[in-house]
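Examination of the molecular architecture
Each chain, written out:
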Amino acid sequence: YGIPAFRALQFANKDQETKDSQKIRIIHRDRSEFFRYTCRAIYEKAMDEGFSDTTAIEYNPEADEDGDGLLNQEDDDFLKSLADQACAKDEAWENIAIWVCVQHDFEINTILDRLRENGCHPSLFWATKASTGWANKVIERVPYFQAGSQWHRTMDYSDEFFESGLAMLDYLEEVYAYPPSYSATGSYHAIYIMYKNIWSFFKTQDSPEVEATLQNRYEELRRSMLDLSIPKSLYGPTIFDSDQRNVGRGSAASQWLLPASSNTSETEMLLVSPDTQASAVVVYPAPSSSTCQAGFYIDKALVSTSPALLESKCTLCPVDTYQPVANVDTMCHACPPGSSTAQETGAEICVKVEEHLIAPWLVMIGWVMVGVNFLLAIIFIAWTIYFQNDPVVRVGQKEFLILLCAGSIISSSAMIPLSFEAGILEDTTAASRACMAIPFLYATGLTLQYSALFAKSFRMYQVMDGARRMRRVQVNAKSTLSFVFVALLLDWAIIVSWTIFDPLHWERFELGHIIDETGGVITQESIGTCNSDHIGIWVGTIFLFHFGIVIVTNIILWKLRFVNDRYQESKYVSIASFFASEFLLLGIPIVVAVQDSASLRYVALIFIVELSDTIILLMIFIPKIRAQREGLPENMTVTQSVFRETTTRAPTQIQISRSRVNSMTESSRRKSIQASDTVESNTDSGLPIIGEQSGDDSDGDDSDNESFNTCKETTGTFDLP
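All values derive from a computational prediction rather than experimental measurement. Sequence order as written defines residue numbering, which begins from 1 separately in each chain. In keeping with the predicted nature of the model, local features appear solely for residues at pLDDT of at least 70, side-chain atom pairs appear and are counted solely at 80 or more, and the whole-chain, interface and lining totals rest on all residues. Note that water and hydrogens are dropped before the side-chain values are worked out from all heavy atoms of the structure.

What follows is about the pattern of salt bridges. Only one rule defines a salt bridge in this text: a Lys or Arg side-chain nitrogen within 4 Å of an Asp or Glu carboxyl oxygen. Considering all chains together, one arrives at 16 salt bridges under this definition. In this structure, arginine 114 engages aspartate 84 in a salt bridge whose closest nitrogen and oxygen atoms are separated by 3.0 Å. Here the residue arginine 114 occupies a position in helix H5 (residues 105–117), and aspartate 84 occupies one in helix H4 (residues 76–86), the gap between them amounting to 30 residues. For the salt bridge of arginine 114 with glutamate 117, the shortest nitrogen-to-oxygen distance reads 3.2 Å. Under the DSSP-based scheme used, a helix requires at least four consecutive residues in state H or I and a strand at least two consecutive residues in state E, with every element numbered from the N terminus.

Time to look at the state of the cysteines. A pair of sulfur atoms, both from cysteines and within 2.5 Å, is called a disulfide here. One pass over the full model with this rule turns up six disulfides. Residue pairing for cysteine 317: its cysteine sulfur links by disulfide to cysteine 332, the two sulfurs lying 1.9 Å apart. A torsion of -75° about the S-S bond marks the disulfide between cysteine 317 and cysteine 332 as left-handed. One end of the pair, cysteine 317, is in the loop between strand S11 (314–316) and strand S12 (321–322); the other, cysteine 332, is in the loop between S12 and strand S13 (333–334), and 15 residues separate them in sequence. We note that cysteine 317, like cysteine 332, is buried. In this scheme, a residue with accessible area under 20% of its type's maximum is buried, one over 50% is exposed, and one in between is partly exposed, where area comes from a 1.4 Å probe on protein chains only.

Both the distance between ring centres and the angle between the ring planes are used here to describe each pair of aromatic rings. Working definition: rings of Phe, Tyr and Trp (its six-membered ring) pair if their centres are within 6.5 Å, and the pair is stacked with planes under 30 degrees apart, edge-to-face with planes over 60 apart, and tilted otherwise. Summed over all chains, the structure comprises 19 aromatic pairs. Between tryptophan 498 and tryptophan 538, the aromatic rings sit 6.1 Å apart at their centres with planes inclined by 5°, giving stacked as the arrangement. Remark: tryptophan 538 occurs in helix H18 (residues 535–559) and tryptophan 498 occurs in helix H17 (residues 477–501); sequence separation between them is 40 residues. Just as tryptophan 498 is buried, tryptophan 538 falls in that class too. Here the aromatic cluster, defined as three or more aromatic residues joined through ring pairs, consists of Phe161, Phe162, Tyr171, Tyr188, Tyr192 and Tyr195.

With that settled, the discussion passes to the sheet that holds strand S16 (residues 521–531). One requirement defines pairing of two strands: DSSP has to find at least two bridges between them. Here three strands make up an open sheet; going across it, the order is S14-S16-S15 and the pairing mixed. The open sheet has two edge strands, strand S14 (350–354) and strand S15 (505–516), and neither has a second partner. Averaged over neighbouring strand pairs, the angle between their axes works out to 25° when direction is ignored. Looking at chain direction, S14 and S16 are connected through five bridges and run parallel. Each residue of the ladder has a partner; that of valine 351, found in S16, is isoleucine 522. Only the stretch in contact is used when a helix axis is fitted, and all axes are lines through C-alpha atoms; the angle between N-to-C directions ranges over 0 to 180 degrees.

Bringing the environment of isoleucine 522 into the picture now. By the secondary structure assignment, isoleucine 522 is in strand S16. Every residue in contact with isoleucine 522, bar those within four places of it in the chain, is listed here: Ile349, Cys350, Val351, Lys352, His513, Ile514 and Ile515. The contact criterion used is simple: two residues touch if any of their non-hydrogen atoms lie within 4.5 Å.

This part is about the side chain of glutamate 91. Relative to the elements of secondary structure, glutamate 91 occurs in the loop between H4 and strand S3 (96–101). With residues up to four places along the chain from it excluded, the contact list for glutamate 91 reads Lys23, Arg25, Asp84, Ala86 and Ile96.

As structure tokens, then:
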């Protein structure tokens, strides 16, 4: 009965080295020839096949080994000692195969409990009790147990009366109205063999004396079974050897397994031998002795508490632990600092996620820079309002100076959503919304800055151009503010279209991974950024639009270069534009080069935006604040202070000479052009009005010309565009 199980062990241990390391322990009773011979056959077979570490543990169940008044088969301590001989605590992790030939439930239960207490992981456990009713009563204990028998209900052997053993059992149930047990097939087969033997013994006799033979020649009749050959029976071919064993076929070996096609979670005793009748493949070694696969470890708690001795004691590694290879370890490795298993169990390696987020201290620096720019803009707005009646502010045009500060605040505030990010496992909704806010804020702020600067400069240019033409000109703020609104509307049209048709969203890109097998960590690198399908087209469109505004603004400022620096910003805006261009020329390649580092990219962008905004504010307001504090030069009016003194390279000069006055006709002799040093304020804007003034020379003494000469001596030659 136990030989099929031994063959599975033998198949897995083919070379002598593995045979020597394989321990075989056989516990059996000596009072029954069946129990003794069944297990003793395993011992003899193992020794013959070269399994040197094989031990037979034989005991007398009816003796009292320790003298405590209890028979060995009823003595708990004695039976535990048998289990200790088979597998002691210090052998718990060794490769041990165990056969147990016992008769009573108490014997097998006590031995199993002790093996579990010792933490044993036998590779095989075969027991005579595993094919009896005991196994059905303790179904939770027997998974992967092996047993032997002569018959199994799935066998399809037949004889001349029944097509299978199961059909015979069904017939008995139908006749006697109760389900017969496994023993019914053995009883039937014993009678069937006797019937076949008697028929064979008397078949050549014409007048058989059956009654006399049974009384006088019984031993002869019994021995005739040695020559009996039954090719077909419910047990299959039946032939007895000299030891009276049926060798017509191999023993029916079974194992308690979970049926592959069953929906139940309970194991069943499935036939694994002979091969021609088997419904399952034998499982060897048992899961309890198999190494745990990567990501698992042997749970010592299961070893001592699980009722199933042979079931796997492997358990998934807990969160933030890992096991990289197959093992028999009783614990997993802890993840190195900075790595984790992302709340997953059963990890084969820990993961260190390098998300390349912006360093918190850099975000703080960025916000400080934004705050500095906000503070400067607010200070300059307050200064503009406080000194709004000062000529420097009136000529500089309060409304546009405030708009310029507001544009700087809005532009700088784009750096706030730039610091919004989302990690790998985080919701990207807020980060995606922040993505779309960045171009809206920055573009709006930049457009507001340069369009306000253009509007105020263009307004001054119109006034100066009127002066050049000797024509009274009034230009109010509303007429030039329209340019600011148009520029903003065009800017917003681009950004709104971008938002509707191809919105920016937060997207994370994998940069690769680095495996540290020694440290048990895989570093997954990724970086998040704002992206859209056609981001290059949208950014390029906005850039060209802004570049156009900057160019037009600088052109109009260049035309005002002959106006005193007190009232126009051509020099300082040119310097600011130069620095901004430098920042862009140097910053954009840097931003491209550091795309794999969110921190460096953030630093590059924060410096480009914040320094550009700060420099524009400083270049516009510091000269004005200085001019306001210094006041007008002595004996000089506002109008006289508007223009620079004549230079040899002045493109246009207003030169009104005495000869020109003398060339006037007699009818207009009394008319002269007087360049008045009186400033007539434009009540709408505060700009000086420079235009034609008429006067009479009533006394005919050319006082008008003298007045002009006085003016000329006072103001010099005016340089105008």
